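Next come the chains, spelled out residue by residue.
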Amino acid sequence: MPLGKTEGFDAQVDLFLPPMTSLPIRDQREMMERPFFAITKSKRTKPIIYRSPCGRIQVHVSGNSEYGIATIYDLDILIYCASLLIEQKRAGVKEIPQTLSIIPYDLLKTIRRHPSGRAYELLGQALDRLQSTTVKTNIRAVDEVERTFSWIDSYTQLRDSKTGQIKGMRITLSKWFYEGVLMEGGVLAIDPSYFDLEGPTERWLYRVARKHAGGWGSKGFSINLPTLFEKSGSDAIYRKWKAKLKALVQDPSFALPGYSVHWLERSNQEPQLHLVRDSEERLLDGDIAAPVPQVDAVPSFPSGSIRFSPFSAIAQANLPHPQPDHGGVANAFRAWCQRKGIPLQSHSICETFAGFCRTQHPAD
C-alpha cells in the first residue's frame with residue numbers, strides 16, 4: 001500500500017466525526033449470517049465455500065498465499081467503518097463518502113486495542129488481508145448473478161516524516177459493503193464488549209446470537225449443529241469441531257455479552273445450540289438474571305441474590321457513555337465474580353460492581 005503523503009491527503013486528516021468511543025457500534029447484518037471471515041488467529045489460505053440449505057445463497061471467499069483470508073479480528077476495522085457511516089446517516093449527511101478519513105489511534109481505542117507500535121503494525125497487516133481477500137456471492141445480486149469484490153478497494157497511510165508514526169489513513173470501502181451498511185435495515189447494534197472477546201469462536205458465536213436470537217425474546221432461538229457448522233465456514237472435521245464447541249459452551253467461565261448459550265442434547269438427533277437474549281426487564285431494577293433451568297453453560301447463582309441500583313455503581317466507576325446493554329454487563333459481571341470467588345450476596349455489591357467496571361474501562 002502506498003505510504004507517505006498522497007495527492008489530496010491533507011496532513012491533518014479531516015476526521016469528520018466525534019470520538020467513536022461515545023457512539024453506537026454497528027455490524028452489517030448480512031455479514032453476521034454467512035461465513036465471510038476466517039474464524040482463526042492463524043493464517044488460512046483454504047477457500048471458504050458456502051451454499052445455503054435451499055441452494056440459493058452462495059458465498060466463496062479466497063485469499064492469496066502471502067496474506068491469507070481476512071479473519072474475524074480484521075472484521076473489527078469494518079465494524080468501525082460501518083459505525084462511522086451510520087453516524088453520518090443519522091446526522092443527515094446527504095452524500096456519505098465511500099472513502100473514510102480515519103485517525104488510527106481512535107480506531108484502535110474504539111476496538112479496544114492498546115495503541116502500541118505493534119498494534120499499528122498489525123493494523124497494516126489486517127488492511128492488507130481485507131484488500132487481498134476476494135469474495136464472490138450472489139447475496140443482493142439481481143437474477144442470481146454473482147458479485148466479486150474485496151472488502152476494501154484501497155487504503156493510504158500518512159506517516160510522520162520524523163518519527164515514522166502513522167498519523168492518519170484513508171480507507172475506500174468496497175461498494176458491496178458500503179451499500180449493505182447504508183441500505184434500510186442493513187446494520188445491527190452490537191455491544192462494545194464484543195471487542196473484549198479474545199477467542200475467534202466466541203466472537204463468531206456472539207454475532208450468531210445477535211443476528212438470530214436478538215428478536216426472539218425470552219424463548220430464544222435454537223439451531224442445529226450441522227447447520228451451524230456450515231454457517232461457520234470451518235475447515236475442521238465436523239466431529240472435532242463439535243467437540244471443541246461443546247467444551248467451550250459448557251466451560252463455566254464462558255460468557256457472551258447479553259446472551260446465554262446452551263448446549264441441547266437430543267436423542268437420535270444431532271445436538272442444538274439454544275441462544276437466549278438476557279432479560280432486560282429484570283435487569284432494570286438491578287437483578288442479575290438467573291440462568292435458564294437445565295442449562296450448565298452459565299454459572300448458577302440464586303435468583304434475586306443481587307439487588308442494587310446499577311446507576312449508582314456506574315456513577316462511582318466514572319464510565320463513558322453510552323453504556324453497554326444491561327444483559328452484556330450482567331453476563332460479564334457474573335463470570336468476573338465467579339473467577340475471583342466473590343460471593344454475589346455481598347452487602348458491598350455496589351463497590352464490587354464499580355470495581356468490575358473500572359477493569360473493563362481503565363483510565364486512559
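### Brief notes about the pattern of salt bridges
By the definition in use, this model includes 15 salt bridges. Across the pair E179 and K175 runs a salt bridge, and its minimum N-O distance is 3.9 Å. Of this pair, E179 and K175 both sit in helix α4 (residues 175-182), four residues apart, which is roughly one turn of that helix. Note on K175: relative accessible area 49%, which makes it partly exposed. Ionic pairing is found between E265 and K246, a salt bridge with its closest N-O pair at 3.0 Å. Separated by 19 residues along the polypeptide, E265 in strand β11 (residues 259-266) and K246 in helix α7 (residues 238-249) bring together distant segments of the chain. K246 sits in the partly exposed class, given a relative accessible area of 29%.

### Side note on helix α5 (residues 200-213)
Taking 1.5 Å as the rise per residue, α5 with 14 residues should run 20 Å; its terminal C-alpha atoms sit 19 Å apart, in good agreement. When you tally the buried positions in α5, you get 11 out of 14 residues, the bulk of the element. Turning to α5, its buried residues are P200, R203, W204, L205, Y206, R207, V208, A209, R210, H212 and A213.

### Quick word on the environment of V261
With respect to the helices and strands, the residue V261 is situated in strand β11. A relative accessible area of 2% places V261 in the buried class. Once the C-alpha coordinates of V261 and S222 are considered, the two residues, 39 residues apart in sequence, prove to be 9.7 Å apart.

### Digging into the environment of A119
Counting through the fold element by element, A119 comes out in helix α3 (residues 117-132). For the pair formed by A119 and P104, sequence separation is 15 residues and the distance between their alpha carbons is 9.8 Å. Ignoring anything within four residues of it in the chain, the contact list for A119 reads L108 and H114.

Definitions and limits used
Residues numbered from 1 in each chain as written. Predicted model: local features only at pLDDT ≥ 70, side-chain atom pairs only at ≥ 80, totals over all residues. Heavy atoms only, no water. Salt bridge = Lys/Arg side-chain N within 4 Å of Asp/Glu carboxyl O. Helix = DSSP H or I, 4+ residues; strand = E, 2+ residues; numbered from the N terminus. Buried < 20%, exposed > 50% of the residue type's maximum accessible area, 1.4 Å probe, protein only. Expected span 1.5 Å × (residues − 1). Contact = heavy atoms within 4.5 Å.

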